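Here's the letter readout for the chains.
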Amino acid sequence: DAGITQSPRHKVTETGTPVTLRCHQTENHRYMYWYRQDPGHGLRLIHYSYGVKDTDKGEVSDGYSVSRSKTEDFLLTLESATSSQTSVYFCATTARGNTEAFFGQGTRLTVV
Amino acid sequence: DQQVKQNSPSLRVQEGRISILNCDYTNSMFDYFLWYKKYPAEGPTFLISISSIKDKNEDGRFTVFLNKSAKHLSLHIVPSQPGDSAVYFCAASANTGNQFYFGTGTSLTVIP
């Protein structure tokens, strides 16, 4: 099991405020991903990174930005949170881009 | 547009019987397929995978079948156990890609 830690695990924030979620891994995996899970939609990719400072958009990237300044850390930022961003967010890592991913335990974000 | 589809949101099976979870995909470039299992309040965990060069892969009670011409895969669990009750996601990727596409999930309940 890859050591993947997400923080915080739960957060309630107000509409319009910035929010940053953190993902930390100890496995030195090259690829890191942020997904959101919503009822009826499964897991949808927000952004991913294929190396330090190398990131790309996923299918639901609007309203989100990411940064990866170190191999072990991948940050997801909601610049101005909206109620539609209430969701459970999962970070994942893979050693290679198309192999099985290891997931963190998730962050439940509520925007009120 | 959903490239990976799981058309059954839920499935109930008696303990000891076979559970069959289905998944369809639309992108003919997908060549690697995975199944993940997710318990409430936890991240998904990898269960089993199959490459497009095979049509079957088995791991203990879990078998994945791939029908490339039909763009369909299925997960068989035999015999089903109450601890198998979880949400199951299928996912697909292309060898040339860096990301996975997930289905919407099937919630399996195994009745003791």
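Since the model is a prediction, treat every value here as computed from it, not as a measurement.

### Here we look at the overall build of chain A
The helix and strand inventory of chain A stands at zero helices and 11 strands. Listing each helix as α and each strand as β along chain A from the N terminus yields β-β-β-β-β-β-β-β-β-β-β. Compactness check: chain A gives a C-alpha radius of gyration of 13 Å against a globular reference of 13 Å for 112 residues, within 12% of the reference. Dimensions of chain A along its principal axes, counting C-alpha atoms only, are 35 × 30 × 25 Å. Looking at chain A residue by residue over its 112 residues, the buried ones come to 51%. Counting only contacts in chain A whose residues sit at least 6 apart along the sequence, the fraction spanning at least 24 positions is 55%. Just so you have it, chain A exposes about 5,200 Å², and 46% of that area is on carbon and sulfur atoms. Distance between charge centroids for chain A: 2 Å, based on 12 positive and 12 negative side chains.

### Here's the deal with the packing of aromatic side chains
One pass over the structure, following the stated rule, counts 14 aromatic pairs over all chains. For the pair A:Tyr35 and B:Phe102, a centre-to-centre distance of 5.2 Å together with 80 degrees between the ring planes defines the contact as edge-to-face. Of the two residues, A:Tyr35 is situated in strand S4 (residues 31-38) and B:Phe102 in strand S10 (residues 101-102); the pairing between them involves two chains. There is no split in this pair, since A:Tyr35 and B:Phe102 are both buried. Taken together, the ring pairs in this structure connect A:Tyr33, A:Tyr35, A:Tyr48, A:Tyr50, A:Phe90, A:Phe103, B:Tyr36, B:Phe46 and B:Phe102 into an aromatic cluster.

### Remarks on the sheet that holds strand S3 (residues 19-25) of chain A
All names here are of chain A. The strand order across the open sheet built from four strands is S1-S3-S8-S7, with neighbouring strands paired in antiparallel fashion. At either margin of the open sheet sits one strand with a lone partner, and together these are strand S1 (4-7) and strand S7 (64-70). Between one strand axis and the next, the sheet turns through 20 degrees on average, direction left out of account.

### Comments concerning the nonpolar core
All names here are of chain B. Phe33, Trp35, Leu73, Leu75 and Tyr88 are the most contacted members of the largest nonpolar core, which totals 24 residues. Those elements that provide at least two residues to this core are strand S3 (19-25), strand S4 (30-38), strand S5 (45-51), strand S7 (62-67), strand S8 (72-77), strand S9 (86-94) and strand S11 (106-111). Counting residues per element, this core draws most heavily on S9, at five residues. What Phe33 contacts, discounting residues up to four positions off in sequence, is Tyr25, Ile48, Ser49, Ile50, Leu66, Leu73, Ala91 and Ala92.

### A word on unusual backbone geometry
Residue A:Pro8 is bonded to the preceding A:Ser7 through a cis peptide linkage, with omega at -10 degrees. In the Ramachandran plot, A:Asn28 falls in the positive-phi region, its phi being about 60 degrees despite a non-glycine side chain. Counting through the fold element by element, A:Asn28 comes out in the loop between S3 and S4. Its relative accessible area of 62% is what places A:Asn28 among the exposed residues. If you check the backbone angles, B:Ala41 has positive phi at about 65 degrees while not being a glycine. Relative to the elements of secondary structure, B:Ala41 occurs in the loop between S4 and S5.

### Focus: the interface of chain B and chain A
Contacts between chain B and chain A engage 21 residues on the former and 20 residues on the latter. Counting each side, the surface lost to burial between chain B and chain A is near 1,700 Å², with a carbon and sulfur contribution of 56%. When the buried area of chain B at its contact with chain A is split by residue, B:Asn98, B:Phe100 and B:Phe102 rank highest and sum to 32% of it. One can count zero salt bridges joining chain B with chain A.

Reading guide: rules and limits
- Residues numbered from 1 in each chain as written.
- Chains lettered and ligands numbered in written order.
- Predicted model: local features only at pLDDT ≥ 70, side-chain atom pairs only at ≥ 80, totals over all residues.
- Heavy atoms only, no water.
- Helix = DSSP H or I, 4+ residues; strand = E, 2+ residues; numbered from the N terminus.
- Rg over C-alpha atoms; globule rule 2.2 N^0.38 Å.
- Buried < 20%, exposed > 50% of the residue type's maximum accessible area, 1.4 Å probe, protein only.
- Contact = heavy atoms within 4.5 Å.
- Areas by Shrake-Rupley, 256 points an atom, 1.4 Å probe, with all protein chains shown as cover.
- Lys, Arg positive; Asp, Glu negative; His and termini not counted.
- Charge placed at Lys NZ, Arg CZ, Asp CG, Glu CD.
- Phe/Tyr/Trp six-rings, centres within 6.5 Å; stacked < 30°, edge-to-face > 60°.
- Pairing = 2+ DSSP bridges.
- Axes fitted to C-alpha atoms, helices over the stretch in contact; angles between N-to-C directions.
- Core = buried A, V, L, I, M, F, W, Y, C linked by side-chain atoms within 4.5 Å.
- Buried area = accessible area lost by both parts, 1.4 Å probe.
- Salt bridge = Lys/Arg side-chain N within 4 Å of Asp/Glu carboxyl O.

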